[in-house]
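# Structural features, examined
Below, each chain spelled out in residue letters.
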Amino acid sequence: MVGVITVEAMGNVAHAGFACTFPQELYARRRAAFLDAIVRERGGSADAVAIFASAPVYTRNNDVDHDYRQDSDLFYLTGFSEPDSVLVLTAKDRKATLFVRPRDKERETWDGLRAGVDGAKADFGADVAHVVADLPIELPKLLENNARLYYRLGRDRAFDDKVFAALDRTRARARMGVSWPVDICDPSPALHEMRLIKGSEDLDAMRAAAKITADAHVRAMAETKPGMREFQVDALLMETFRREGSERTAYANIVGSGENATILHYRAGNRQVQDNELVLIDAGCEYGYFASDVTRTFPANGKFTKEQRAIYELVLEAQEAGLAASVTGSTLDGIHDLCVEIITRGLVKLGLLKGEVPKLIEEGAYKPFYMHRTSHWLGMDVHDVGGYYVGGKARPLAPGMVLTVEPGIYIARDEDRVPPEWRGIGVRIEDDILVTEQGYENMTASIPKTVQEVESACA
Ligand code: GLY
Ligand code: MN
Ligand code: MN
């Protein structure tokens with residue numbers, strides 16, 4: 001068994017990119033498991049080749065690029081973080097071929113060291129490696145005499161073209177007696193089924209991400225004061241993430257003060273946090289390419305008002321019920337329905353909705369206040385891969401799955417169906433939950449959450 005590499009053990013392998021990742025044997029096991037899966041799904045036929053391309057580089061302007069992050073599928077199978085790379089897996093000989101950028105003194109002077117062909121083999125488990133410029137020559141050969149090509153069409157049109165060109169070249173050699181892939185299959189179901197069930201190494205990384213994220217939220221609660229601007233709160237989060245070894249956020253941090261807390265994907269802006277206001281922070285870091293995703297809502301001055309507290313306690317009741325239901329056999333739909341029921345019942349009790357609870361639920365009367373789903377898968381991507389429905393039915397939870405539970409109530413500033421004192425209150429509470437054999441593990445449980453805990457963390 002191998003664990004995630006900690007900050008202390010990161011070493012200084014410059015060409016390995018950011019180093020909080022796993023030892024190579026794990027990636028080899030994943031490649032083998034993927035090949036087993038695509039062979040199994042066709043009754044034992046190994047007549048298959050799979051292609052995974054790196055994430056494209058996006059130009060920001062002139063010679064400046066947007067921050068680069070490797071494609072999650074390619075990283076999951078290689079740990080390789082450089083752009084312009086392609087992994088080809090051939091099922092018959094069970095070989096991994098990596099296409100990579102060549103070593104290049106001048107480019108490395110500007111952009112940093114590259115693994116190159118030798119590094120791809122020595123450090124990234126490639127059985128065979130080529131420079132990526134040779135893809136048009138080498139890829140057709142790898143496709144030869146394979147009936148099935150596993151490649152995810154449609155995500156990167158420029159790369160799709162390279163695959164089509166290779167297919168065409170292979171087909172053109174038919175008169176020499178070679179056959180070509182006639183069956184184009186999507187590798188996503190097989191690979192994403194693997195990514196959905198987290199292994200112990202994945203969980204090490206997720207717990208590391210959760211721990212850093214917890215520290216950032218606790219610090220934000222303690223240090224946010226009326227008068228600070230949202231971007232200054234954001235800076236506290238970012239400083240904690242980076243200092244503790246996270247390479248980047250798992251998504252853009254959300255820091256909403258006052259009525260901005262009612263905007264679901266608001267970004268930290270210029271607004272000054274006011275006394276008597278709530279601050280909603282939805283922020284999670286990435287560690288070793290695994291995400292965390294946490295929301296806490298707290299009073300800027302350390303004390304909830306009566307209305308804020310009533311909404312907060314209602315969201316908390318829904319969230320705790322959602323957590324308790326995050327066990328084997330439950331479904332995300334079931335968890336959502338439970339939260340909707342608690343929130344609707346609570347809004348009626350507070351006088352913010354009027355009518356019979358079942359009818360209000362049926363009519364969706366809660367939707368102006370609770371307009372998003374309660375849960376999503378969490379993993380390498382914040383809204384992670386893996387089927388939500390199987391055979392048209394909501395998928396039952398199983399050990400190894402990780403989900404968020406994140407109910408909220410958002411009362412818009414111009415919501416004139418409720419009395420003015422309720423307007424502009426936004427509350428969401430979100431934790432990262434691992435389904436276990438025994439029940440569940442809340443990976444972000446250490447972050448203050450009850451009214452008392454939050455008020456003392458803010459004091
Ligand atoms: N931070 C995005 C989400 O909670 O889904
Ligand atoms: Mn979130
Ligand atoms: Mn989420």
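What this report covers is the structure whose coordinates are included nearby. Quick caveat, the model's predicted, so the values are computed rather than measured.

### Quick notes on the coordination of the manganese ion (ligand 3)
Each pair of donors in an ideal octahedron of six around a metal sits at 90 or 180 degrees, and each pair in an ideal tetrahedron of four sits at 109.5 degrees. Within the protein, the atoms that donate to the manganese ion (ligand 3) are D293 (OD), H376 (NE2), E406 (OE) and E430 (OE), at distances of 2.0 to 2.1 Å. Around the manganese ion (ligand 3), the six donor atoms are arranged such that angles at the metal cover 51 to 156°; this shape is classified as irregular. For H376, a relative accessible area of 9% puts it in the buried group.

### A look at the nonpolar core
Counting residues in hydrophobic clusters, the biggest one holds 55 residues, and the most contacted among them are I281, I311, Y312, L347, I409, I411 and V427. Secondary structure elements with two or more residues in this core: α8 (200-223), α9 (230-243), β11 (278-283), β12 (285-287), β14 (294-299), α10 (306-324), α11 (332-349) and α13 (451-458). Non-local contacts of Y312, meaning those with residues more than four positions away in its chain, are made with T297, F304, V427, I429, K449, V451 and V454.

### Topic: the coordination of the manganese ion (ligand 2)
Looking at the manganese ion (ligand 2), one finds its protein donor set to be D282 (OD), D282 (OD), D293 (OD) and E430 (OE), positioned 2.0 to 2.4 Å from the metal centre. Of note is the manganese ion (ligand 2), whose six donor atoms meet at the metal with angles of 57 to 171° in an arrangement that counts as irregular. Written as a sequence motif, the donor residues of the manganese ion (ligand 2) are D-x10-D-x136-E. The distance between the manganese ion (ligand 2) and the manganese ion (ligand 3) is 3.3 Å, with D293 acting as a donor to both metals. Of this pair, D282 sits in strand β11 while E430 sits in the loop between β19 (426-428) and β20 (431-435), placing them 148 residues apart in sequence. Taken individually, D282 and E430 each receive the classification buried, so the pair is uniform in this respect.

Rules used throughout
- Residues numbered from 1 in each chain as written.
- Chains lettered and ligands numbered in written order.
- Predicted model: local features only at pLDDT ≥ 70, side-chain atom pairs only at ≥ 80, totals over all residues.
- Heavy atoms only, no water.
- Donors = N, O, S within 2.8 Å, 3.2 Å for Na, K, Ca; no water.
- Tetrahedral: all angles 85-135°; square planar, octahedral: opposite > 155°, others 65-115°.
- Buried < 20%, exposed > 50% of the residue type's maximum accessible area, 1.4 Å probe, protein only.
- Core = buried A, V, L, I, M, F, W, Y, C linked by side-chain atoms within 4.5 Å.
- Helix = DSSP H or I, 4+ residues; strand = E, 2+ residues; numbered from the N terminus.
- Contact = heavy atoms within 4.5 Å.

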